[in-house]
Structures are given as C-alpha cells and as structure tokens.
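Secondary and tertiary structure notes
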Amino acid sequence: MTITEDRPAYKWVGTRPIRHDGYDKVVGKARFAADRNFPGQLHGAFLRSPHGHARILAIDTAAAEVMPGVKAVVTGADFPDLPVGNPERDTGINLMARDAALYVGHVVAAVAASTRAEAEAAAAAIEVRYELLPVVLSIDESMADGAPLANPDNRTAFSGSDDPSNLATVTPLERGDVDAAFEAADVVVEREFDTAWVHQGYIEPHACVVDVGPDGRADVWASSQGHFRVRSQTAAVLDWDTARIKVTPAEIGGGFGGKTTIYLEPVAALLSEKSGRPVKIVMTRDEVLRATGPAPASKSRIRIAATNDGELTAIDGWIGYAVGCTNDMAGFVGAMSVASYKFPNLKMEFVGALTNTPRSAAYRAPSAPQAAFAIESVIDEIAQALDMDPIELRLKNAVVEGDLTSMGGPHPRVGFVECLEAIRDSEHYRSSVPEGAARGIGTGFWFNIGEQSSATVNLNEDGTATVITGSPDIGGSRASMALMAAEELGIDVHRITPVVADTESVGFTDVTEGSRATFATGMAVVNACRELVEELKARAATILGVGADAVEWVDGAAVAADKDPLPLAGITAKAKGTGGPLTVTASLNAGGAGPSFAVHCCDVVVDDETGRVEVLRYTTAQDAGTAIHPSYVEGQMQGGTAQGIGWALNEEYVYDDDGTMLNASFLDYRVPVASDLPMIETIIVEVPNPAHPYGVRGVGETGIVPPMATIANAVSRATGVRLSSLPMSPPKVLAALDER
Amino acid sequence: MPRAHLMTPLRRFADGESVIEVEGATVGEMIVELDRLFPGLGEMLTMGSSAAVDGLIHAEPEFLAVEPDADVYFVAPLTGG
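Moving on, we come to the overall build of chain A. Secondary structure assignment for chain A yields 21 helices and 27 strands. Each principal axis of the C-alpha atoms in chain A carries an extent, and together these give about 85 × 75 × 50 Å. For chain A, with 740 residues in total, the buried portion stands at 63%. Working note: accessible area of chain A is about 25,800 Å², and carbon and sulfur atoms make up 49% of it. Considering chain A, the positive charge centre built from 59 side chains and the negative charge centre built from 97 side chains are found 5 Å apart.

What follows concerns the domain arrangement of chain A. Residues and elements named next belong to chain A. Structurally, chain A comprises domain 1 (2-30 + 450-590) and domain 2 (409-444 + 594-739). Taking the mean C-alpha position of each, domain 1 and domain 2 sit 36 Å from one another. Of the roughly 2,300 Å² buried where domain 1 meets domain 2, counting both sides, 56% is carbon and sulfur surface. There are one salt bridge connecting domain 1 and domain 2. When the shortest N-O distance is used, the salt bridge between glutamate 634 and arginine 16 registers 2.9 Å. Taken together, the links from domain 1 to domain 2 amount to nine residue pairs in polar contact (both at pLDDT 80 or more). At the level of secondary structure, the elements contributing two or more residues to the side of domain 1 that touches domain 2 comprise strand 1 (2-4), helix 15 (477-489) and helix 16 (517-544). When its residues are assigned to classes, the side of domain 1 that touches domain 2 shows 12 nonpolar, 11 polar and eight charged.

Here we take up the interface of chain B and chain A. Of the residues lining the interface, 22 residues belong to chain B; the matching set on chain A comes to 35 residues. Both sides together, the interface formed by chain B and chain A hides about 2,300 Å², and carbon and sulfur atoms give 68% of it. Together, Met7, Thr79 and Gly81 of chain B form the three largest contributors to the area buried by chain B at its contact with chain A, with a combined 25%. Counting across the interface, chain B meets chain A through zero salt bridges. Across the chain B-chain A interface, the total number found is seven residue pairs in polar contact (both at pLDDT 80 or more). Every element with two or more residues in the side of chain B that touches chain A is listed here: helix 2 (41-47), strand 4 (56-59) and strand 5 (71-75) of chain B. With four residues, strand 4 of chain B is the single largest residue contributor to the side of chain B that touches chain A. Of the residues in the side of chain B that touches chain A, the class split is 13 nonpolar, seven polar and two charged.

All names here are of chain A. Within the structure shown, the criterion is met by 14 aromatic pairs over all chains. Aromatic side chains phenylalanine 193 and phenylalanine 373 sit 5.3 Å apart centroid to centroid with 75° between the ring planes, which places their arrangement in the edge-to-face category. In this pair, phenylalanine 193 is assigned in strand 9 (residues 187-195) and phenylalanine 373 in helix 11 (residues 368-386), connecting sequence segments 180 residues apart. Comparing phenylalanine 193 with phenylalanine 373, the two get one shared label, buried. Residues tyrosine 341 and phenylalanine 343 carry aromatic rings whose centres are separated by 6.1 Å and whose planes lie at 75° to one another, so their mutual orientation is edge-to-face. Under the relative-accessibility criterion, tyrosine 341 is labelled buried at 4%. Within the aromatic cluster, the residues linked to one another by ring pairs are Tyr341, Phe343, Phe416, Phe445 and Phe597. If you follow arginine 244 out to its NZ or CZ, it ends over the ring of tryptophan 240, 3.6 Å from the centre.

What follows covers the sheet that holds strand 6 (residues 107-113) of chain A. Residue and element names in this part refer to chain A. Spatially, the seven strands line up as an open sheet ordered 4-6-2-13-10-11-12, and their pairing is mixed. Two strands lie at the open edges of the sheet, namely strand 4 (70-75) and strand 12 (245-249), each paired on one side alone. Direction aside, neighbouring strands of the sheet carry axes that sit 20° apart on average. When strand 2 (residues 42-48) meets strand 13 (residues 279-282), the two strands line up parallel, connected through two bridges. Counterpart to leucine 42 in the pairing with strand 13 is valine 279. Lying on the sheet, helix 4 (residues 116-125) is in contact with strand 2, strand 4, strand 6 and strand 13; it crosses strand 2 at an angle near 30°. Each of strand 2, strand 4, strand 6, strand 10 (207-212), strand 11 (218-222) and strand 13 is contacted by helix 8 (residues 265-275), which is oriented at about 35° to strand 10, the strand it contacts most.

Our next topic: the packing of helix 15 of chain A against helix 16 of chain A. All names here are of chain A. Put simply, helix 15 and helix 16 touch, their axes get as near as 9 Å, and they point 30° apart. Accordingly, the angle class assigned to the pair helix 15 and helix 16 is roughly parallel. Crossing geometry of helix 15 relative to helix 16 is assigned as right-handed. Seen from helix 15, the contacting residues are Ser477, Ser480, Met481, Met484, Ala485, Glu488 and Leu489; seen from helix 16, they are Ala517, Thr518, Thr521, Gly522, Val525, Val526, Cys529, Arg530, Leu532 and Val533. The residue inventory of the contact of helix 15 with helix 16, partitioned by class, reads 10 nonpolar, five polar and two charged.

Parameters at a glance
Residues numbered from 1 in each chain as written. Chains lettered and ligands numbered in written order. Predicted model: local features only at pLDDT ≥ 70, side-chain atom pairs only at ≥ 80, totals over all residues. Heavy atoms only, no water. Helix = DSSP H or I, 4+ residues; strand = E, 2+ residues; numbered from the N terminus. Buried < 20%, exposed > 50% of the residue type's maximum accessible area, 1.4 Å probe, protein only. Areas by Shrake-Rupley, 256 points an atom, 1.4 Å probe, with all protein chains shown as cover. Lys, Arg positive; Asp, Glu negative; His and termini not counted. Charge placed at Lys NZ, Arg CZ, Asp CG, Glu CD. Domains from an automatic or database assignment. Buried area = accessible area lost by both parts, 1.4 Å probe. Salt bridge = Lys/Arg side-chain N within 4 Å of Asp/Glu carboxyl O. Polar contact = N/O pair within 3.5 Å; in protein donor to acceptor, adjacent residues only side chain to side chain. Nonpolar A, V, L, I, M, F, W, Y, C, P; charged D, E, K, R; others polar. Contact = heavy atoms within 4.5 Å. Phe/Tyr/Trp six-rings, centres within 6.5 Å; stacked < 30°, edge-to-face > 60°. Lys NZ or Arg CZ within 6 Å of the ring centre and 35° of its normal. Pairing = 2+ DSSP bridges. Axes fitted to C-alpha atoms, helices over the stretch in contact; angles between N-to-C directions. Parallel < 35°, antiparallel > 145°, perpendicular 65-115°, else oblique. Left-handed = near helix turned anticlockwise from the far one by under 90°.

Written out as structure tokens, the structure is:
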C-alpha cells in the first residue's frame, strides 16, 4: 500500500519490474567473494588473541613457517606504524594487533598455506607471550573513576585534550530551560534502560582474494559495501599508493553497515606479496561474531516532562554507548537521532566509552535504535499516564518542516506526521486488539547522507543502454538506477543493463551507507542521462536536418515539427556518422539527503509461563520520498523490522568475565527466522524530498529504529510492567513478571 | 552577514557562543574568520566535515557558497549503516 502526495506521472519510476540481478541469484550464478578462485591460490588463516586485553611481549613464528604447505606468515611487525591521529590507524590496528591485543579474537598473526587446514594448523603453532592487562567490559567499568585504559591510544574526539582516555566522544546538547520546564510539568516520567551488543547478522561472512603481482600492483576481489573504501583503507593501512590497488566488487550477501570497513584485505595483500601467490581469506561464522563490528551496547537514563494536554515540554537524559576497543563516533551520531519531537527544552549528553570488545560498526541507522528504544518507551508511559492515544500524543508533538533538528538547524520537508496518520488510519490500528494480546506503537528517525557518486551511461548501437556505477548493490540499487535511467531516456527498463564496476572502470564513489545509493548515485545517473538526452537531441537534429532547438525529447524519441519521431535506436544506429559513441559520465557530491521517519505498530502476546513473546501482527509506515522500486522499499522496511524484532527479543552477545563471547554461532546467537515472524505489512508514505530530481529519500536504515520500543511498549501494556532491558528474552520477561 | 551555528560540544571552543555572525562568501571563508576570532575553533570545524546550510546537509562544504543571510550549522562527521 502506498500513500502519495501529488507528483508527476511517471512511466517507469514506481513500477516493480523483475530485478536485473534476480536470475543470477535464483539459479546460483551470482558470484560472491568466496566463489572466486585462482590458479596457485593460497588460503589464509588467523591466530587470534585468547585474552581480552594483553600486552604482546613476543611472537615466535619459526615453527609455523616450516610447516607443510606454509608460504607466508605476517604479524603486526609487517605493517607500517601509522601515527596517532591518522584516520585509518585504528582500522589497521583492529585488523592486526601491534603492541597489545585489545579483545578476545583480535588477530595477532596470519598464515597463508596451500590449504586452509594447513594454514590453520600453522597459525595454531605460532607462539605468543602475553602480559595480561585489566579487561574493561562495560560502560560502567569504562567510566569508573580510576578505570584501567581499554586502549591507551585513545583520545576523546573534539575535546582538545591529548590525554589518554576511555571516552571516545562526549556530546552535550542543550536548548531552552530544562529545569523550569520540569518544575512546571504536570507529568514527569523517568526511566533507565540498557541494550546488549548485537550483530548485523549478514549471512555472507567477510571474504576476499588478493593477488599482488611482481610489479607490486594488487588485484582485490572483495565483499563490501564500498569497494572504493576497501581500496582507500587498504592503501592507508599499508601506506601504499592508491593506484597500486584495484578492487573488483563481488555480489554481497548482506552488510547492513557491517561491511563499511575492512578486516581482511591488507592482511591478504601482505601474505600475497610475501608468497607471490593469490591469497584467499574467508571468515568463519565464529570469527564474524567474535571479531567484526557489532552495534554498541548501550545504557541510558531518560526523563520527559509533559503537560496534561499532551505537550512534551522537556527531555533530559544521558545515553552511553560501549563502542569497543577503538574510538568511534557512535556516541556523537546517537546525538543526531533525537529529532522527532519539538521538545522546546532539551538537555542531553551522549557518550561513547571504550571497552575491550570488538571495534563496533554501523548497523543500519547507527546508534539511533538504542536512543529510540529509551525515548519512545518513556513517551509511551506518558501517553498511559495521560490516558491519551499514543499516536495522538505523538501527532501533537511531531516535528514538521522548520522545527529544529538535533544539530540545531531546521528540518526540511519531512513526512513524520504523514507516517503517524498512515498508521492511525490503517486497518491494523483501527482493528480490535486480539484477545489476550496488547498493541504497541513506536517511531524512528534517521537523517541519511549524500556524499560522492559517479555514473557512466553508455548507449549501445541498437538503442540499449548500460548504466555503470560504483555503488555495491546491497538493497536493490541496480534496479533503481535502471528505472531512473529508463524514465529519463524513455526506453524499456529491461533494455538497460545496470552494472557495478571496479575501481578502475568508474569514477570514485563513496561507500554504500547512510541510505545514500539510490539518492546520490541515482542523482548521478539522472544527471548523466539528462546530459545524454541533450546530446541525443543534437544528433537527431543532424539526422533530421533541423535546428538543434527544434528537437524535443518525448517518450524515448526525438520529435520535431513536420518530421516522423526518431526513436533512440535510430539515433544510436547513426552514432558513428554523427559524432561517435554516445556516452556520458556524471559525478557529484550530493547535498540534501532527505530525513526519513517510520512509525510501527505491533500486536503481541506474552506467555506467562515461559516468558516468550510472540509477535502476532506488525505494520510499518515509512516515508520513502518517492519509491523508485516499491518492492525493494518494502523489502528494506521488512528487513529492518525483522532485524529489530531480533534485537528486541533475542539477540545479545554473552561474554564471560574475561571478555570471551560464549555464543558465537547462529545456534546460540538467536536471529529471528521466518517462523518467528508474522507477515510484516508495509505502508509506503511518499513525501518527496525536494532535493532529489525524483524526490528520493533513503529507506535502508530507518526501519530498524522503531521495533525495539514498539515491541517493548506492547509487552509492557500486555504485562503491566515496563520492560527496560534488551533483549526481552524469556528469562528477563519472566523475571519482570515475577516482580509485578 | 551569514550566521554560524555551533552545536553544544563546539561552544567550548568559542567562549560559549552558540551563534556567531561572520563574514564569508563560502563555508571555508567563514571557518577562517571563526578561527581568527576563536583560535583553535577552525580545526574543530574542519574535523567536523559536514555542514547544514539553509536546511540541507553537505559533506566537506569548504567551497560551498553561502548567501549573506545564510544560516550555517556545523556538524561533526556523519555516518550511516
């Protein structure tokens, strides 16, 4: 279902053609990074730290180097020591420990051998002498007076201080007079919350093959959300020239933010350089869970003031994020997420605190779900205290164009109110709550980003087209690029082949993150097509023997008075004689990514005996601006929701006291499967983003923001007790019921 | 003159000011002027590589033109998933 503001009538945008990459994926032809194999290829394996925090005193690789099949061994000593302050210093240290192991699973050495088994056996034979150091495993431990340093390299960003610290960022936000607002409030609700570390849960583990030739040039095949970032980070970590490295993107089996950084490629490059052979490294699931970025755990205190008629007058609180072993912007980015309600008085502080756990990574809308869980839970309690409908309370306070964002500027045109109204008017919300169940409402915001993209559009001699971009397709962007090109050029979408090209075949393109690909790369495609249409009109004028100004482009053909329409294929057939190949490249740094809002509604039942929460029905409304391919938009909404349900109900890292993860498999780290979920109903709301030619807003991230609060609000209404700790797993629910 | 708006964490580098009117035809020129008024602030604004100008967020906006009555909100690096 789609709710749309007035907009132009499009022929292709907004349709649902079969995806261009669908056939290959259905029949198993799609090639992921682990599918690549080369003659003479070696296999890499790691030795990882068994300690949560330990100084590395010595590494002895002698025994490993002479074991059967072993061709190369690398340790931290093989990597350049980038200076403190270099933006990729932490990336390099995270993928290969130097002076100290900073978490259990931190790579200490790597081996390349003829078989994986030989590489693993040799890695196990490497001897490391450690001096154990204190382990910091929680926000409280990290911020305690006199706490040991989780990573002595760390300095607090934007502080101006050069002192080592466990604090990554400290971000205060303040406006109005919070104290006066609370004094004058009719209702005040205050609560504390915590959430666990959770993983993005992509099915495809990290993988790459790297072949460094005798000339020192590296060919890299990798699974990532941005092969240009793989190139730049690999170059930075190794202190190599960027031009030495070519990265070819593989199909990606899920990323969700977790593949916006690298873990393998520089190690494989050094192993390949040493051995003179291609080196392939594929992580196991255990390695993915132990050593790639989870979303930060969090702890928060939120207090909100309201009047009896439902005006939210003030918010005051603190949110801390456990960001892992190196500096991270999670705390700062979290501060950007408090942007859904007007709150004339606001005093918040957001902190990122280092822990001896894996370096955290983005997970869809990074840091926003933790904040929304706390804030939306408190808002729900205020609605209960005021006996107000939870949607009406939110509608009364929802931001509209001109209201302030977290960073202080005004919101542009946004669709929060429209999303709230869409849920309010939905069949789900208007239906009776099933017997024994309860209903919850939650909302989410994410700002989205633009950044740099490039696109080349080639017209072929028969009138077909190739659209080449540098954005790995993690959510349907190839189909969206083809649809926008079809709309611009006026040709059938299946006469267009969308391609994601390697780093030497298309202009620089930033990583696919921040819901930016369809927005920014799509804008580059539109710009290239529009320039191409001008060239087509000029060529048509030559062919038709009319002035250039006399030609219009209408539905895929050049039209001039008193002439038969000249279709695109008629122009491309004569390209050689009218000036040569028809090709245009466009590049840009896109500003004006449109903020996106979502509103969720769910019905749950809680089993009093087992504590199990069953989600009976779930509906999500989200502002997509304009849905270029609605099926993909719905898929993003459903995917984010499904992951959020896992975050809410089951998923968590379980550590022992030394920082060893105890549930590093999908058997014990419980992501929801199809049988755990109802059909997630979607309502696409379309409030076009004025900064994009088709009104696109990013849709990939916002969907994961509301589910935790939505479900918590339903569970709390079902049980009569407020659930404030994630996941709401059966033992926690039972404990809460016991305290009732 | 365009107005530079500083998020709360940046105000400590500007004697607590939140809104500062400074000359500048581009965001970069504004940063130079802000750094002249508050030494060290420029480095913080450069580390924060995004700015919202008249409601639209731009990455690395140093050369972005600003109108004389523009409102420029400096934002630290933004990221996504």
